[in-house]
Each structure stands twice: as structure tokens, then as C-alpha cells.
Amino acid sequence: MPLAREESSPLFAGTAAGTLRLIFYLALAMVLMVLDHRNGWLWRLRYATAIVVEPVYRLASLPAEGFHTLSVAFADRRLLTEQNQRLREDLLLANAKLNRMAAVAEQNQRLKELLDTQHSLDLHVQMARVIGMDMGAYRHRLMINLGARDGIKSGQPVIDAHGVVGQIVDVLPNSATVMLVTDPDHAVPVMIQRTGLRTIAYGSRNGQQLTLPNVPMAADVQVGDRLLTSGLGGRFPQGFPVGEISSVAPSPAGMFLEAHAQPSADLDRADELLVLHDLPEPAGPPPPVRPAGPPDSEAPAPASTSASPRASLPAAPATAVSAGTPPT
Amino acid sequence: MSRQRLSFWWFVGTLVMALMLMLVPLPHMLEAFKPYWPALVLLYWALESGERRVTLGLAFIFGLCSDLLTGVLLGEQALRLCVLAFIALRFRSRLRFFPMWQQTLAVLALLLNDRFLLLVVRAFAGESTPPALWWASPFVSALLWPFLFLLLDDLRMRLRLQ
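Residues numbered from 1 in each chain as written. Chains lettered and ligands numbered in written order. Predicted model: local features only at pLDDT ≥ 70, side-chain atom pairs only at ≥ 80, totals over all residues. Heavy atoms only, no water.

(A) Just the overall build of chain B, in detail. Looking only at helices and strands, one finds seven helices and zero strands in chain B. If you list the helices and strands of chain B from N to C, you get α-α-α-α-α-α-α. Looking at chain B as a whole, 56% of its 162 residues qualify as buried. A separation of at least 24 residues holds for 71% of the contacts in chain B among residues at least 6 apart in sequence. (Helix = DSSP H or I, 4+ residues; strand = E, 2+ residues; numbered from the N terminus. Buried < 20%, exposed > 50% of the residue type's maximum accessible area, 1.4 Å probe, protein only. Contact = heavy atoms within 4.5 Å.)

(B) Representation of the sheet that holds strand β12 (residues 272-276) of chain A. Residue and element names in this part refer to chain A. Spatial ordering of the closed barrel is given by β1-β2-β5-β4-β3-β12, a layout of six strands whose pairing is antiparallel. Within this sheet the neighbouring strands show an average axis-to-axis angle of 45°, counted without direction. Relative to strand β5 (residues 176-180), strand β2 (residues 141-144) runs antiparallel, the two being bridged by four bridges. Residue pairing in the sheet places L142 in a bridge with V178 of β5. (Pairing = 2+ DSSP bridges. Axes fitted to C-alpha atoms, helices over the stretch in contact; angles between N-to-C directions.)

(C) Region of interest: the interface of chain A and chain B. The interface of chain A with chain B comprises 48 residues on the first partner and 46 residues on the second. If you look at where chain A meets chain B, you find zero salt bridges. Linking chain A with chain B are four residue pairs in polar contact (both at pLDDT 80 or more), by the criterion used here. In terms of residues, the side of chain A that touches chain B owes the most to one element, helix α1 (residues 16-39) of chain A, which gives 13 residues. Looking at side-chain class alone, the side of chain A that touches chain B contains 30 nonpolar, nine polar and nine charged residues. (Salt bridge = Lys/Arg side-chain N within 4 Å of Asp/Glu carboxyl O. Polar contact = N/O pair within 3.5 Å; in protein donor to acceptor, adjacent residues only side chain to side chain. Nonpolar A, V, L, I, M, F, W, Y, C, P; charged D, E, K, R; others polar.)

(D) Geometry of helix α3 (residues 50-73) of chain A. With 24 residues, α3(A) extends 33 Å from end C-alpha to end C-alpha; this agrees with the ideal 34 Å at 1.5 Å per step. A bend of about 40° at L62(A) is the largest found in α3(A), and the proline P63(A) appears one to four places after it. (Expected span 1.5 Å × (residues − 1). Bend = angle between axes of the 7 residues up to and from the residue.)

(E) Inspection of the nonpolar core at higher detail. Residue and element names in this part refer to chain A. Judged by nonpolar contacts, the single largest core of 105 residues is most densely connected at V165, I168 and L212. Inspection of this core shows a minimum of three residues originating in each of domain 1 (13-94) and domain 2 (123-276). When neighbours within four sequence positions are excluded, V165 is seen to be in contact with L142, V158, I159, D160, V178, M179, L180, V181, A265, L267 and L273. (Core = buried A, V, L, I, M, F, W, Y, C linked by side-chain atoms within 4.5 Å. Domains from an automatic or database assignment.)

(F) Representation of the pairing of strand β4 (residues 164-171) of chain A within the structure. All names here are of chain A. Burial within β4 is extensive, with eight of its eight residues counted as buried. Bridge count for strand β3 (residues 157-159) against β4 is three bridges, and the pairing is antiparallel. Among the inter-strand pairings, P157 is bridged to a residue of β4, identified as Q167. Between β3 and the antiparallel strand that follows it, β4, lie four residues. Strand direction decides the pairing type here: β4 and β5, joined by five bridges, are antiparallel. The residue bridging G166 from the neighbouring strand is L180, located in β5. Between β4 and β5, which pair antiparallel one after the other, the connecting turn spans four residues.

Right, dumping it as C-alpha cells:
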């Protein structure tokens, strides 16, 4: 086939008009980026175009799902039997633990009633499936198949069988984005189970770890210590496993110890997740601010999208204002 | 007439396919090596059809679509693809007559430039710097380029599309 040769294609093409157009588009893109960064328009736009966007996501997740189905279909019988056996054992163990827990829970309930607090150990959760979709490498996000229509709101904690996975950051009508605990922008208030020391676990910049950058020098922190959510900040309920300390060393600045932790949740392999509907128990004098979410029918407000990733630990001043109104 | 229409839909189809490929998840180990499909397909069309099809406006719209789908930052990929299309269109007549290995090197340079742009944008947006493996993607893309180019070209010939 002969090459189509255009008359307007000299070897050193370079018209001023072309450059001007480039500058125009670059400027447009930059304006868009700045506006989006400031106002979080993208999610409103995505919400508006969800009817197009969501089917595309489902479509994109088809290959992964197909692969999963195939692997199940062609799985070795022995493998399945083994897995079945292991699951049975796990179930047995879990049931045994539950039985023991039930007594404790009952006792706890009685004591709580004595103390006049309204809180039960029941979990109000919704099961969610992960939509296998690439949100960009190193983005530490997941897509789940529940959205505003299922009552999901930005800020809800997400857990799996082993621990805290993250929290909802953006909601579309039928799907939602989960920010993982390993995201560098994520922080969760934690407590070391063994000593009760409270600190904050941030996501880390490199890979699948948690960082605890400001542990006091004198604190007793050891490798293998388990981290639980402390319930401070009012976003994550108390007592869910977050991770396990894998290394402790003085921080480069020398003021604090810096610990690294391995997240307890199976972040890579998570397939089914639980979205918590409990609001954490109002612990201590200042009641936590309820995450000021917009109504279900609207897209997440820009301020809350940019602020939500940080667990709202320093919310104490804000709570002082709202403390006047009795908590419902 | 219908052939023209067919070739138009073929063009649109490849672009949509590129977006889908961008969204399809890979196993965790391979995630870092995922090629930047939209850029590759856009480059192919920029070299193949030039200004007749690929204009800066199209690159911009295409970028916006992929921004909307990935949900990173509205305008980020629009900016990157615009720059990519501009350079490709400007040097089109030379790039087309390069032997394949030279073309591949040029594509690699373009994609590295693209990654660099992305790094700058992310730095301005206040995101953390990615690990070293993040730079692997342009190399994988460049390795795939000859195959993609030949495949798309061959399909185009077979279907006798413009």
C-alpha cells in the first residue's frame, strides 16, 4: 500500500499555530488540574457520569473474574479438598473462640448496662466484593461493589477477616473507592495491644507497610507487638487489629523511635470485605465529630474528600463547639 | 462510504480498547510493568494517520476520558497525552521512516518524558515519590511497541482500512 503523503507534512514541520494550540491545551489541562485539586470536581463529574463509568469498571474487571472462575473450574480436586479441610478447621477454631467470646460478650453487655452505656458488641456490617480494577500502580486503592444506593458513605471503615483494610473515600451510586491503610495519605489511630501505648500508624511511601514515625524514645515497643485501633478520632471503632510491628529503630531525626508494621489484613488478596456501619462508641469526654458527609443523593463534598483520608485525630477543638448539643 | 465508516469505528475501537486495557488489573507482581496503553495506541495513530485523525483536541479529550476512568486528577493524562501527541505529530514524518529499532528508541524517549511529566504533576499535587520500579513501565511499553505497531498495521492492511 502506498504511503499517504500529505502536502502539509514537511520534515521540519513547526507552525506557530500548532504550538499555540499546544499551549492552549496545556493551559486548559493545568487549569483543570488545579481546579480539580482544590475542589475535587473529578468525583462530582464521575458521579454524574456514573452511568457510563460504572459499566466500564465492571467490564474491566471481567478478565480477572473470568480468570478466577477458570481457576476454580480447573482447580485440582486435591487442592480443593485440602482447602476445604483447612476451612473446616478454621471454622471449628473460630466457633470455639466465638463460644468462649459469647460468655465474655454477655458479661461485657451486663457490665455496660450497669454503666449505662448504649453499646453492643454486634457488628453492623455489609458484605462487599472487590471489583478487580487497576486504579493505577502504587495508588493503594480498591474498588468495591457497594455504593451510595447501598447506603455507603465516605469515611466508613472497611475490614476483612484479619483486620482493618482501610476506609471509604469516594462513593459512586453502585461502587465505592477504599483507601487502604498502606496509603501514604492514610493515618489510623492505634494502640499497642501489649502496653496500651497510643500512637498513629501512617501508610508508608514504599510498599505494603505501615509506619509509626513518632513513638516516644522511652516507649516499650517490641517486634511482634500487635496494633489495634484505639478508637480515638472517631472514625475506626476500637479494638480491630491493624498490624504487627516488624521493626523498630530510632528515627533519622533522633527524636522518636520509628516502627514499621505489617498490616494484618490481607490487602493483596482481599476478595470479600466488610463495610462497618457502626459509629464508634463516643469514648471519653469529647464526643467524636460525626464525619460530616453530604446526603446520600449527592457527590462527596470537596472539603470532605480532601480531608477524609486523614483520620481526624486533631478534631478535639471542633468537638468542643459541637459538644454543647447533646449527642443523639 | 461504509469502508470509511468502518475505519472510523476501527479507530475508535482501538482507543476504547486501550482504555479498557489500562483498567484491567494485573497480578500484583506485574503491576509495575504495565504498559501505558492509551499512549501507545495514540502514538500509533499519530504516526499512522497524522493530523487527519489525531489532533491535540482529540488527545485532550482522550486524556480526559482516561482521567475520568482512573479517577486520579482531572487533566493529568490530558496534559500528558497532549504533549505526547504534539511531539509525535511534529516529528511524524521522520519517525515514520525510521527503522523499527530507532522508532522503538524514540517511543521509549517519549514515554520516559511522559513519566517525567507525571512525576512533576504528582509532585505539584503533593503526592509521594514512587519507588524505582515505577520507571519500568516505559521500558516495557517500548519493548511492546514493535509488536503493537506491526499487529495494528497488519490488521489495518487486512481489513483494508485507511
